[in-house]
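For reference, the chains in residue letters:
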Amino acid sequence: MSVVQWVYEYEQGNASMKSLLGGKGANLAQMWNIGLPVPPGFILTTEACKAYWEDRAGLLDAVWPQVRQSMKRMESATGKTFGGKENPLLVSVRSGAPVSMPGMMDTILNLGLNGDTVEALAAASGDERFALDSYRRFIQMYSDVVLELEHGDFEFCLAQAKKEQGCRHDHELSPEMLRKLVGQYLQMVQSKGKVFPEDPWEQLRLAIEAVFRSWNTPRAVTYRQIQRIPDDLGTAVSVVSMVYGNLGNDCGTGVCFTRNPATGERELFGEFLLNAQGEDVVAGIRTPRPIQELKADMPEVHGELLRLTSLLEQHYKDMQDIEFTVERGKLYLLQTRNGKRTAKAAVRVAVDMVRENLIPKDEAVRRVTPENVEQLLHPQLDPNLPMNVLARGLPASPGAAVGKVVFQADEAEKLGRSGEAVILVRPETTPDDIHGLFAAQGVLTSHGGMTSHAAVVARGLGKPCVSGCEALDIDLQRETIRVGDRIIRKHEILTLDGSRGLVVLGSLPLIQPSFTDDFRELLSFADEIAALEVWANGDTPEDAKRAREFGARGIGLCRTEHMFMQAERLPVMQEMVAATDREERVAALNRLKVMQKDDFLGIFEAMQGFPVTVRLLDPPLHEFLPKVPELQGRIAELEKKGQGDAPEAEHLRRLARKAESLRESNPMLGFRGCRLGIIYPEIYEMQVEAIFEAAGELVARGVSVHPDIMMPLVGTLEEMKRLRAMVGEIAEREEKRTGVRVPYLVGTMIELPRAALVAGQLAQEAEFFSFGTNDLTQTTFGYSRDDAEGKFLAEYVRLHVLPENPFHVLDRDGVGRLLEIAVQDGRGTRPAIQIGICGEHGGNPSSIAFCHKLGLKYVSCSPFRVPVARLSAALSVL
Ligand code: ADP
Ligand code: MG
Ligand code: MG
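These figures come from a predicted structure and were not determined experimentally.

Reading the values: rules and limits
- Residues numbered from 1 in each chain as written.
- Chains lettered and ligands numbered in written order.
- Predicted model: local features only at pLDDT ≥ 70, side-chain atom pairs only at ≥ 80, totals over all residues.
- Helix = DSSP H or I, 4+ residues; strand = E, 2+ residues; numbered from the N terminus.
- Buried ≥ 20, exposed ≤ 12 C-beta atoms within 10 Å, placed from the backbone.
- Contact = placed C-beta atoms within 7 Å.
- Near = placed C-beta within 6 Å.
- Nonpolar A, V, L, I, M, F, W, Y, C, P; charged D, E, K, R; others polar.
- UniProt positions renumbered as here; feature names shortened; annotations may be inferred.
- Pairing = 2+ DSSP bridges.
- Axes fitted to C-alpha atoms, helices over the stretch in contact; angles between N-to-C directions.
- Domains from an automatic or database assignment.
- Left-handed = near helix turned anticlockwise from the far one by under 90°.
- pLDDT = per-residue confidence, 0-100.
- Core = buried A, V, L, I, M, F, W, Y, C linked by C-beta atoms within 7 Å.
- Expected span 1.5 Å × (residues − 1).
- Parallel < 35°, antiparallel > 145°, perpendicular 65-115°, else oblique.

> Explain the overall build of the protein here, please?
Scanning the protein from terminus to terminus reveals 34 helices and 33 strands. In terms of its C-alpha atoms, the protein occupies a principal-axis envelope of roughly 110 × 65 × 55 Å. Within the protein, the fraction of its 878 residues that count as buried is 50%. When contacts within the protein are restricted to residue pairs at least 6 apart in sequence, those whose partners lie at least 24 apart make up 67%.

Take a look at the structure:
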């Protein structure tokens, strides 16, 4: 063992050696080597820690001569002697892992003091109070972390002493009182059967061993588990000669950030205490003062601090979190590291540093995470806030909301219109609740998963949702929620945290989102780097406007059926569905066309020439009709009132007959998608006409328009051929009629395994593909999403049968393989074919990285996820 170098001098280290010297040690070395005022010291490596766990006594023996030698160097550097009867050298023993890891050993200050050296320190400093104060701190810390005695007992003695002397602060204790306290401390150690070593060398050896030992304390092990930090990193030990902040009022200690860690503003931010040692600032014994006040107390030190901290920031090119101590007017730096910051500060700092020419744009983008972006787009709860959590569910849609509990969508709408904040609470939601979801601030359901109706709609609307909160017993009749023995009534206030899946009683303050100019600028850096474009899914002109605001460069999925669900349109749609012949159907379709054209005008105009991918009608027709039992109920009611022969009843019977005849045992795989357009061509013809009439009018007005017409659920070449011919004819006819040429593409969604497998054929007719990965995941796995989510998928993930929910994170091996085949074969036939993705995966960072690898042109996601996707697209390149 003796040949191994276990101990490093500062001169032998630098900031890049974190895995060997720990974060603290590597940065101390770096600061020393660039000439900053760091007290002399040395570092025992993480390798020594690892070796300690192999052979404890052997390692300590092997390390010891090297420690001795480094201590000798420190003695000559400081002109002091360790254990010396004159001018004694004291050190701190500090733990420091390669990654920041609270939960390990605390630092010991003032090591080297005993009955003799404390007198020597008093003599050397000319300050008895200071020497005794340092001694009692040392005994306290050493007993705590090396001897593992109860911290509280010492605190109690200290409090008693202050009471006895009638003072409030530690530093006001008289030397006599401190001497008495030290005696009590030592006695207490003895009475607990422990030995307080008098010999400074023994103190040092045991302290070093305690740091190594602390690597495997239960709290350290648990912390590593939670944070997924490997167990085999080990911790380094820094031994640093003491500098004293507790020598009087020209001394002090503090912590500062080079920028404001909450806002990112460029200003020195931090706190300090006069006449104190390091741990006092964080321990909260005295209230520290804002760093700005240091200027009045010690103008020169303050100036020096400004100079050195900005130098450090220039050197590390990131915001620094710095510990310092002032001894008799001289400033020392004791630690620096990259500072933790809020999402808002992360963006501001990154963008400012580009403006200051400190970092390049790609580095700025790298410093912001998708989670940061998510936080910035939605109101959030302060994570540090104490809260009374009522129940936990799934974090189905991010953000936080506060509002009155309501149970009915109609009431949510009514209260919402009058400006009240409401939380819609339902066992689960259905498309009938959509107006309530619109009006509510947030949604809470007791059933349903991350892709339940409530979750999907809430994410689309950018509203928080907690779903599957099974602890809630919701009684819609009485309008109450029962949780255990607690009852929550209508109009009581709840706070939801959809980012963490929490339901909290009462109202908590929210941190408001900020789509700031800095944020916009950061995303523009991301766009410069990204290869993928980000488009948005949107069905209305409002969606399209929002998509543009968030920087979408196209609409990747405009679902036309959503346009028919609106209250005033649904009856016309139902007419169309219930039609008994073509003539009736065409009559209804002509009325629908007027409405649909209006929507297209709005969306195309909002998108200012960016492509708009319009998907023709997709769901099975019975989805537009009320359910049969509901219709029967309404008919029975009319009959009871003696109105069984009224036209209304007749109409309902007609709908019921139709609904009955359209019933399917597996609608997901039934009469839907392009199958509708093939069997009832007039439906798709109407939609295509609406598209071209709207586009033609806009082009004639000088607005640039680019519709991409998308056929859903295509599985065969023949389907694609016929549909494409239909579009071609209408386009030509319209051009002849109006004299206006509209540029357009015809393509298909790839959402069936067969479509992916015959993509080479489909590309003969299709000018673009868009992967509909929601349905493609369903059809590839053979999972019906609605059934799988609630019944077994969560269990599958928990039991590790599946690594992840494939509806959240794209399954690369299966679904991803189909994507690969489709991309390759599609390009084989039509090299310039446009390919993108419009499933919900389009907003998921890891799925975006996969799309980047496939070389897709774009990902399309909900407008609210566009910023996250823009960042993720750039991070996929970096
Ligand atoms: P932590 O990781 O808990 O911050 P540190 O090792 O950084 O532990 O030290 C705790 C406190 O003691 C800090 O305020 C630090 O600045 C101070 N400190 C550490 N070593 C010395 C020293 N040699 N002289 C003066 N103060 C020190
Ligand atoms: Mg520290
Ligand atoms: Mg689909």
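> In this structure, what is going on with the site of ligand 1? I would like to understand it.
Near ligand 1 you find 16 residues, and of these Ser92, Arg94, Thr107, Gly278 and Glu323 are the closest. Listing elements by their share of the shell around ligand 1, those giving two or more residues are β5 (91-96), β7 (236-241), β11 (320-327) and β12 (330-338). A breakdown of the residues in the shell around ligand 1 according to their chemical character gives six nonpolar, six polar and four charged.

> It is not clear to me how unusual backbone geometry should be interpreted in this structure. Could you clarify?
One non-glycine residue, Asn357, lies in positive phi territory at about 60°. Unusually for a residue other than glycine, Gln608 sits at a positive phi of about 45°. Along the chain, the position of Gln608 falls in the loop between α22 (582-606) and β28 (611-615).

> Where do I start with the UniProt feature "active site" (unreviewed entry) in the protein in this structure?
Sites flagged by UniProt as "active site" (unreviewed entry) map to His453 and Cys838. Counting through the fold element by element, His453 comes out in helix α18 (residues 453-461). Those residues within four positions of His453 in sequence are excluded, and the remaining contacts are Glu428, Thr429, Thr430 and Gly448. Position of Cys838 relative to the elements: it lies in the loop between β32 (834-837) and α33 (845-854). In this structure, Cys838 is in contact with Asn537, Gly556, Leu557, Ser770, Gly772 and Ser860, ignoring residues within four places of it in sequence.

> Just checking my understanding: could you explain the sheet that holds strand β15 (residues 394-397) for this structure?
Read across the sheet, eight strands follow the order β14-β24-β23-β16-β17-β18-β19-β15 without closing on themselves; strand pairing throughout is mixed. With partners counted over all chains shown, the strands left at the sheet margins are β14 (389-392) and β15, one partner each. Going across the sheet, the axis of each strand differs from the next one's by a mean of 30°, ignoring polarity. Of the strand pairs in this sheet, β15 and strand β19 (residues 465-467) are connected by three bridges, and their pairing is antiparallel. Residue pairing for β19: Leu394 is matched across the bridge by Ser467. Helix α16 (residues 409-417) contacts β16 (400-406) and β17 (422-426) of the sheet and is inclined by roughly 180° relative to β17.

> I would appreciate a short explanation of the sheet that holds strand β29 (residues 706-711) in the present structure.
Two strands in a sheet stick together by hydrogen bonds in their backbones, pointing the same way (parallel) or opposite ways (antiparallel). Strand order in the closed barrel formed by eight strands is β26-β27-β28-β29-β30-β31-β32-β33, with parallel pairing between adjacent strands. Here the strands of the sheet are splayed against their neighbours by 30° on average, with no regard to which way each runs. Bridge count for strand β27 (residues 555-559) against β28 is three bridges, and the pairing is parallel. What sits directly across from Ile555, in β28, is Val612. On the sheet, helix α34 (residues 866-877) packs against β26 (533-537) and β33 (858-861) and is oriented at approximately 160° with respect to β26.

> Would you explain the domain arrangement of the protein in this entry?
The accessible area lost on association of the parts is a frequent measure of interface size. Under the domain assignment used here, the protein contains domain 1 (33-39 + 72-241), domain 2 (252-338), domain 3 (389-505), domain 4 (530-620 + 664-877) and domain 5 (623-663). In this structure, domain 1 and domain 2 have C-alpha centres spaced 22 Å apart. The partner domain 2 presents 11 residues to the 10 residues of domain 1 that form the contact. Split by residue class, the side of domain 1 that touches domain 2 holds six nonpolar, two polar and two charged.

> It is not clear to me how the UniProt feature "binding site: substrate" (unreviewed entry) in the protein should be interpreted in this structure. Could you clarify?
When the UniProt feature table is mapped onto this chain numbering, "binding site: substrate" (unreviewed entry) sits at Arg559, Arg615, Glu751, Gly772, Thr773, Asn774 and Asp775. Looking at the secondary structure, you find Arg559 in strand β27. Once residues within four sequence positions are removed from consideration, Arg559 is found in contact with Asp539, Arg615 and Asp618. With near-sequence residues (within four places) excluded, Glu751 lies in contact with Leu713, Gly772, Asp775, Leu776 and Thr779.

> Please clarify how the environment of Ala458 should be interpreted in this entry.
Residue position: Ala458 is located in helix α18. Measuring from C-alpha to C-alpha, the distance between Ala458 and Phe604 comes to 25 Å, with 146 residues separating the pair along the chain. Ignoring sequence-local partners within four residues, the contact set of Ala458 consists of Ala396, Ser397, Leu437, Val443, Lys463, Pro464 and Cys465.

> What am I meant to see in the packing of α22 against helix α26 (residues 681-700) here?
Helix-helix packing is characterised by the crossing angle of the two axes and by the distance between the axes. Remark: α22 packs on α26, axes separated minimally by 8 Å, with the N-to-C direction vectors making an angle of 35°. The crossing of α22 and α26 is right-handed. Seen from α22, the contacting residues are Arg582, Arg585, Val586, Leu589, Leu592, Lys593, Gln596, Lys597, Phe600, Leu601, Phe604 and Glu605; seen from α26, they are Glu682, Ile683, Met686, Gln687, Glu689, Ala690, Ile691, Glu693, Ala694, Ala695, Glu697 and Leu698.

> For this particular structure, what's the right way to read the environment of Gly393?
Inspection of the secondary structure puts Gly393 in the loop between β14 and β15. The spatial distance from the C-alpha of Gly393 to the C-alpha of Gly416 is 24 Å, given a sequence separation of 23 residues. Dropping the residues within four chain positions of it, Gly393 is found in contact with Val466, Ser467, Gly468, Cys469, Gly501 and Val503.

> Can you help me understand the confidence of the model for the protein in this one?
Keep in mind that low pLDDT regions are not for reading the predicted coordinates in detail. Counting all residues, the mean pLDDT for the protein is 93, and 99% of those residues have values of 70 or more. Scored by ipTM, the complex comes to 0.97, with pTM at 0.82.

> Quick question: what am I supposed to make of the nonpolar core here?
Across soluble globular proteins, nonpolar side chains have a tendency to be buried as a group. Ranked by internal contacts, the top residues of the largest apolar core, which has 218 residues, are Ala207, Leu522, Ile555 and Val859. Counting 39 residues, the second-largest nonpolar core is a separate cluster that includes Ala401, Val402, Val422 and Cys465.

> Is there a simple way to explain the pairing of strand β8 (residues 252-257) in this structure?
Two faces belong to every sheet, and in a regular strand the side chains alternate between them. Taking burial as the measure, the six residues of β8 include five buried ones, the bulk of the element. By the bridge criterion, six bridges tie β8 to strand β9 (residues 269-274) in an arrangement that is antiparallel. If you follow Thr253 over to β9, its bridge partner there is Leu273.

> What exactly am I supposed to notice about helix α13 (residues 343-355) here?
In an α-helix, one turn spans 3.6 residues; hence positions three or four apart end up facing the same way. For α13, which comprises 13 residues, the first-to-last C-alpha distance of 19 Å matches the rise-based estimate of 18 Å (1.5 Å per residue) to within 8%. Burial analysis of α13 places 10 of its 13 residues in the buried class, the great majority of the element. Buried within α13 are the following residues: Ala343, Lys344, Ala345, Ala346, Val347, Arg348, Val349, Ala350, Val351 and Met353. Close packing links the buried residues of α13 with α14 (361-366), α15 (370-377) and α19 (517-529). Of the residues flanking the end of α13, it is Asn357, one or two places downstream, whose phi is positive at about 60°.

> I'm lost on the packing of helix α6 (residues 151-165) against helix α7 (residues 175-191) in this one. Help?
Running from N to C, α6 and α7 cross one another at 155°; their axes reach a closest spacing of 10 Å. Taken together, the axis directions place α6 and α7 in an arrangement best described as roughly antiparallel. In this structure, α6 meets α7 at a crossing whose hand is right-handed. Here α6 contributes Asp153, Phe154, Cys157, Leu158, Ala161 and Gln165 to the contact with α7, which in turn contributes Met177, Leu181, Gln184, Tyr185 and Met188. Along the lines of polarity and charge, the residues of the contact of α6 with α7 split into eight nonpolar, two polar and one charged.

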